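The primary structure of each chain is shown beneath.
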Amino acid sequence: MKIYVLGSNPQERGKQLENLTEKILELKGYKKIINREISTGGHEIDLRAVKEQEIINITEQIHLICECKAHVKPTNTTDWLKFLGKLYLEESKTQEKMYACFISLYGVNGNVSGSYEDLKNKKKNIEIITGEDLLSILSKLYNLSEIDILKRNINQYTKNNILNISMLYYNKLYWLVEFSRDLFTILESDGSDIQSNDNLIEMAKDFTNGNFTNIIQEKEKSDIIELYEKFFILILMESEIELTKETLLNEFKSYLKQSNIKYHKNYVFEALKHIKDRDFIISDDDKFLLSLNSINDKLLFYKFLLENQILLKSLNTNIYQKYIDFDLLEAIIKIQHNIILSEEEKTKFLNFIKMSPSSLSLVLYEIDLIVNHRKKSNDFSETMEIADKNILFMLLHQKLEMDFNNKVFNDFYYLHNLVEELEVEHLIKLKDKTKVILENKNKKRLGIGQMADEYNNQLIPVLLLENAPEPWEKVNKT
């Protein structure tokens, strides 16, 4: 992991390096820092430190010489041998055992690393701090996000490929993340937004190429534009006719007001540009029409509708259900590398994707468990076909149950599709090498109930008793 020390000039850079080195030594118990010597370019510092250590009720002082290097290249053998020479001279001069700490922010080369490995078993008073050891110390000092977690968080904010991650030090630690397309961003040590810091960004350009992008603010902007797009498309879905730009904008403003969502004029016109470029929208400068004539249009339409933010009202339109048909199903089967289904299984499959938005969202893309092995060969045994079908329907079951349990879909099920209950059965068999040692069957009935007027007719999930009347029995009694 590379660490760059920032400063507007060599003197400031040297002061920053001094501060960082002192914090590292303080964490290791050295309280008294003396005799600081900073190089002309501000890329290295020599200092001495003292700490007290109690051994069998006797307090003794431990004297340390320390060198910290911040050059933008790994430390080489020449610098390492010079440092060992300093230690030898100090011990010869004082006739006392000295401790030595060599800190390299950019790492050490293989020769230095090998030399240290040979030496450290014989000389316990010498320590190199770099790489993972340095990262561990800095994590304690600055609440560093773990690299894997940092990468996952970054990928939530941008689709740009991460090329390199390093660190910056300027009064505290920051992450420097470099992307493809000559872009970079800077994040706080915990991975959060740095807000506005033009001075920091300008100094960072000494160590990276390209242009700065605030990925968190850019994601917030793109989310707003995408949400606006989905409102425009919802309006077109509800109308089912061609609309003028003026009508679309008036309906859009009305929706935003109802939803208590802020109106950003610039983002609105960006959203309009985006929907004009959608394959499933026919548009000139003034008119917009939803067009789902081709299979490709349908696939792109549902992918966009169901990714990221879902406008629940769009699920309750006639258009949403109308185009989830057998033509779409055949395209989905191709996406799953021509999984073989009977006509009865296709009908079940179609009903799953009609009744579960998460199921549809899942199967619009390749399912790795099914597709990966099918890509390798077109010759499948009957056993493998059955296994793939089982995986498919297992996932569909899971998605349907998840959606039904998600209260945001209550309107979709109860009011629009008139669904009141989902019954789920689980059979568990625990087996050893010779027999079944545990078997249990469990059934649960999940319902949606509507509360009284004084509770605003709110829809709530209900766990039904096993002997509760079936929905159609309640209707017959009424």
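A brief report on the enclosed structure follows.

What follows is about the sheet that holds strand S15 (residues 436-450). Across the sheet, three strands lie side by side as S14-S15-S16; this open sheet has antiparallel pairing. Edge positions in the sheet fall to strand S14 (421-431) and strand S16 (459-464), since each has one partner strand and no second. Across the sheet, the mean angle from the axis of one strand to that of its neighbour is 25°, orientation sign disregarded. Relative to S16, S15 is paired through six bridges, and the arrangement is antiparallel. By the bridge assignment, leucine 446 is partnered in S16 with leucine 463. Here helix H17 (residues 382-405) sits on the sheet and contacts S14 and S15; the angle it forms with S14, its principal contact strand, is near 130°.

Turning next to a negative patch on the surface. Among the surface-exposed residues, Glu242, Glu246, Asp284 and Asp286 lie close enough to one another that they form a single negatively charged patch. Of note, glutamate 246 is situated in helix H8 (residues 245-259).

The next thing to look at is the nonpolar core. Phe301, Tyr320, Phe349, Leu360 and Leu392 are the most contacted members of the largest nonpolar core, which has 69 residues in total. For this core, the element with the most residues is helix H7 (residues 215-239), which contributes 10 residues. Discounting residues that sit within four places of it in the chain, phenylalanine 301 has contacts with Ile233, Met237, Phe280, Leu290, Leu292 and Ile319.

As a further point, take the environment of alanine 100. In this structure, alanine 100 sits in strand S5 (residues 99-104). By relative accessible area, which is 2% here, alanine 100 ends up buried. Separated by 24 residues in sequence, alanine 100 and lysine 124 have C-alpha atoms that sit 9.6 Å apart. If near-sequence neighbours (up to four positions away) are discounted, alanine 100 is found in contact with Leu64, Ile65, Phe83, Leu87, Asn125, Ile126 and Glu127.

Okay, the sheet that holds strand S10 (residues 211-212) next. Taken together, five strands build an open sheet; the order of strands is S1-S7-S8-S9-S10 and the sheet is mixed. What marks the edges here is a single partner per strand, and that holds for strand S1 (3-5) and S10. Looking at chain direction, strand S9 (residues 183-188) and S10 are connected through two bridges and run parallel. Note on S10: the bridge partner recorded for phenylalanine 184 is phenylalanine 212. Of the strands in this sheet, strand S7 (162-169), strand S8 (173-179) and S9 are in contact with helix H5 (residues 147-157), which crosses S7 at around 115°.

Sheet faces and side chains relate simply in a regular strand, where the side chains alternate between the two faces. Of the strand pairs in this sheet, S1 and S7 are connected by three bridges, and their pairing is parallel. Paired with isoleucine 3 across the two strands is methionine 167, which belongs to S7. Of the strand pairs in this sheet, S7 and S8 are connected by seven bridges, and their pairing is antiparallel. In the strand pairing of S8, tyrosine 169 is matched with leucine 173.

Conventions and cut-offs
Residues numbered from 1 in each chain as written. Predicted model: local features only at pLDDT ≥ 70, side-chain atom pairs only at ≥ 80, totals over all residues. Heavy atoms only, no water. Pairing = 2+ DSSP bridges. Helix = DSSP H or I, 4+ residues; strand = E, 2+ residues; numbered from the N terminus. Axes fitted to C-alpha atoms, helices over the stretch in contact; angles between N-to-C directions. Contact = heavy atoms within 4.5 Å. Patch = residues over 30% accessible without salt bridge, like charges linked within 9 Å, V, L, I, M, F, W, Y side chains within 5 Å. Areas by Shrake-Rupley, 256 points an atom, 1.4 Å probe, with all protein chains shown as cover. Salt bridge = Lys/Arg side-chain N within 4 Å of Asp/Glu carboxyl O. Lys, Arg positive; Asp, Glu negative; His and termini not counted. Charge placed at Lys NZ, Arg CZ, Asp CG, Glu CD. Core = buried A, V, L, I, M, F, W, Y, C linked by side-chain atoms within 4.5 Å. Buried < 20%, exposed > 50% of the residue type's maximum accessible area, 1.4 Å probe, protein only.

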